[in-house]
Amino acid sequence: MSSIEEIQKGLAEIVEEVAGVAADDVSVDKSFVDDLDIDSLSMVEIAVQAEDKFGVKIPDDELANLKTVGDAVNYIASNA
Amino acid sequence: MTNQRPTLRQFSGAAGTRLLGFGSAQGNRVVTNDDLSELVETNDEWIRQRVGIIERRLADKDQTLVDMAVEAGAKAVANAGVSTSDVDTVIVATCTMPGNIPNAAAQTADRIGIKSPAAFDLNAACAGFPYSLMVASDMIRGGSAQRVLVIGAERFTDWLDWTDRANCIIFGDGAGAAVVGPAEEPGIGPVAWGSAGDLVDLIYLRDGRYIYQEGKSVFRWATTQIAPIAERAVELAGLQLSDIDVLVPHQANLRIVESIAKKLKQRGARDDLRVADDIVHSGNTSSASIPIALDHMNSAGRISSGDVMLLVGFGAGLSYAAQVVICP
């Protein structure tokens, strides 16, 4: 079980790899779409990698609800 | 009393098969992203980012699926250096015929000048070309055919909802073809194929009329499940990923194509792997996309005789198929 900090750090690394956004910019208050300019297909790639990394299921239906980095971190923390 | 039953004779054919030549045809109309932005709420940048398409080719009103299949098939026969009388079987891979009766293959063969061949359509959607190639190869190896004309042909124009901006921007019309014949040295490897009927709801005709796909779910499936199928085909052929010169995935979406290529490189494919990107100017033409890409790469000198090429198709059904082939 990863801590909230570990999840955020790991997620930021994934976002950097998939979307080329500097990991330091991937803070909990950022919106994936509006702030980080990440589209729905990149979100799928991020979800797939997050599933592998954190042992969590992130269905496509759920993805639309994960608006901010914080939403994703909380979802992973409570479902891993 | 012994029951004397007759014994049926069985045939067997050539030990190996190979591709002999390619041909293709496309819709007559070049439709740019700017053209589409006049029909639906979209724009060039959005389309390029999401699917990598700059323009697609759509059929004229009177340019039928069979017209394109005939043009592609005739070119492939000529390119293969065989005569129409050498071809005894025609398979048309398609999922967009306007009706189920009649099929496309028999009339296509007749118009090309191939007399009374075995002729049938095969529907494995976007996996239709690798599926048909394997059927053709095994027919020859089994002794049921000598030379098979395999054509992938689609006319999506009839199945597009011009108010559905997520889907109507993706597709194109066209046909691609290859001739398969016997060979001493194998030029078509074993197939890695299958289906996932539990995911049938991801790609279907909405209201029975309009092609529709669950974009995110299809993207997830294609970017996670297809590279392993392609890798399996390489293993079945007794090769390593590093042996592959050219990768021709179904041209579904440039990001899917790039994702499959990236995964195969992580697994051992070479950095100089040539990857088909024909979708950029052709759109997604389903079962036609692989043979159109092959023909275009051949004409452009991007592939040459002896190249080891990995084909992988995937789409509605869901269906998938991959095999390694040698460039003729």
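Per chain, residue numbering runs from 1 following the sequence as it is written. Chains carry letters and ligands carry numbers; both start at the beginning, A for chains and 1 for ligands, and go up in the order they are written. Residues qualify for local features only when their pLDDT is at least 70, as the model is predicted, and side-chain atom pairs are given and counted only at 80 or more; totals for whole chains, interfaces and linings, by contrast, use all residues.

Defined as follows: UniProt positions are given in the numbering used here, feature names are shortened, and annotations may be inferred rather than shown by experiment.
Under the annotation held in an unreviewed UniProt entry, chain B carries the name Beta-ketoacyl-[acyl-carrier-protein] synthase III and is attributed to Solihabitans fulvus. Recorded in UniProt for chain B, the comment headed Pathway (unreviewed entry) runs: "Lipid metabolism; fatty acid biosynthesis." The UniProt entry for chain B carries the following comment under Sequence similarities (unreviewed entry): "Belongs to the thiolase-like superfamily. FabH family."

As recorded by an unreviewed UniProt entry, chain A carries the name Acyl carrier protein and is attributed to Solihabitans fulvus. Recorded in UniProt for chain A, the comment headed Pathway (unreviewed entry) runs: "Lipid metabolism; fatty acid biosynthesis." In its Subcellular location (unreviewed entry) section, the UniProt entry covering chain A states "Cytoplasm".

### Structural notes on the domain arrangement of chain B
All names here are of chain B. This is how it is decided: Each domain's extent was defined by an automatic or database domain assignment. The contact rule is simple: place each C-beta atom from the backbone, and if two of them lie within 7 Å, those residues are in contact. Amino acids outside the nonpolar list (Ala, Val, Leu, Ile, Met, Phe, Trp, Tyr, Cys, Pro) and the charged list (Asp, Glu, Lys, Arg) are all regarded as polar, and Gly is one of them.
Here chain B is partitioned into domain 1 (16-183) and domain 2 (188-327). Its C-alpha centre places domain 1 at a distance of 16 Å from the equivalent point of domain 2. The interface is formed by 48 residues belonging to domain 1 together with 47 residues belonging to domain 2. A class-by-class count of the residues in the side of domain 1 that touches domain 2 yields 27 nonpolar, 13 polar and eight charged.

### Looking at helix α4 (residues 69-79) of chain A
Residues and elements named next belong to chain A. To be explicit about the condition: Exposure criterion: with C-beta atoms placed from backbone coordinates, a residue whose C-beta has 20 or more other C-beta atoms within 10 Å is buried, one with 12 or fewer is exposed, and one in between is partly exposed. Under the DSSP-based scheme used, a helix requires at least four consecutive residues in state H or I and a strand at least two consecutive residues in state E, with every element numbered from the N terminus. An arc is given here, and it is the one of the directions from the helix axis to the C-beta atoms.
When we look at burial in α4, the residues that qualify are V69, A72, V73, Y75 and I76. The buried residues of α4 occupy an angular sector of 165° when the element is viewed end-on, so they sit on one face. For α4, the secondary structure elements touched by its buried residues are α1 (4-19) and α2 (40-54).

### Quick notes on the UniProt feature "domain: Beta-ketoacyl-[acyl-carrier-protein] synthase III N-terminal" (unreviewed entry) in chain B
According to UniProt, the positions carrying the feature "domain: Beta-ketoacyl-[acyl-carrier-protein] synthase III N-terminal" (unreviewed entry) are residues 120-197 of chain B. The span residues 120-197 of chain B shows a helical share of 19% and a strand share of 33%, and its end C-alpha atoms are spaced 23 Å apart.

### Observations concerning the nonpolar core
Residue and element names in this part refer to chain B. We count it as follows: Each nonpolar core comprises buried Ala, Val, Leu, Ile, Met, Phe, Trp, Tyr and Cys residues, the members being joined through C-beta atoms within 7 Å.
Among the nonpolar cores identified, the biggest contains 137 residues, and A69, V180, A230 and L310 are the most heavily contacted of them. Looking at which domains feed residues into this core, each of domain 1 (16-183) and domain 2 (188-327) supplies at least three. Once residues lying within four places of it in the same chain are set aside, the contact partners of A69 are V92, A104, T108, I151, A153 and A175.

### As for the confidence of the model for chain B
What counts is decided by this rule: The pLDDT value tells you how sure the predictor is about a given residue, anywhere from 0 up to 100.
Scored by pLDDT, chain B comes out at a mean of 96, with 99% of its residues at no less than 70. Scored as a complex, the prediction yields pTM 0.94 and ipTM 0.90.

### Side note on the UniProt feature "domain: Carrier" (unreviewed entry) in chain A
UniProt tags residues 2-80 of chain A as "domain: Carrier" (unreviewed entry). End-to-end, the C-alpha atoms of residues 2-80 of chain A are 9 Å apart, and along that stretch the chain is 58% helix and 0% strand.

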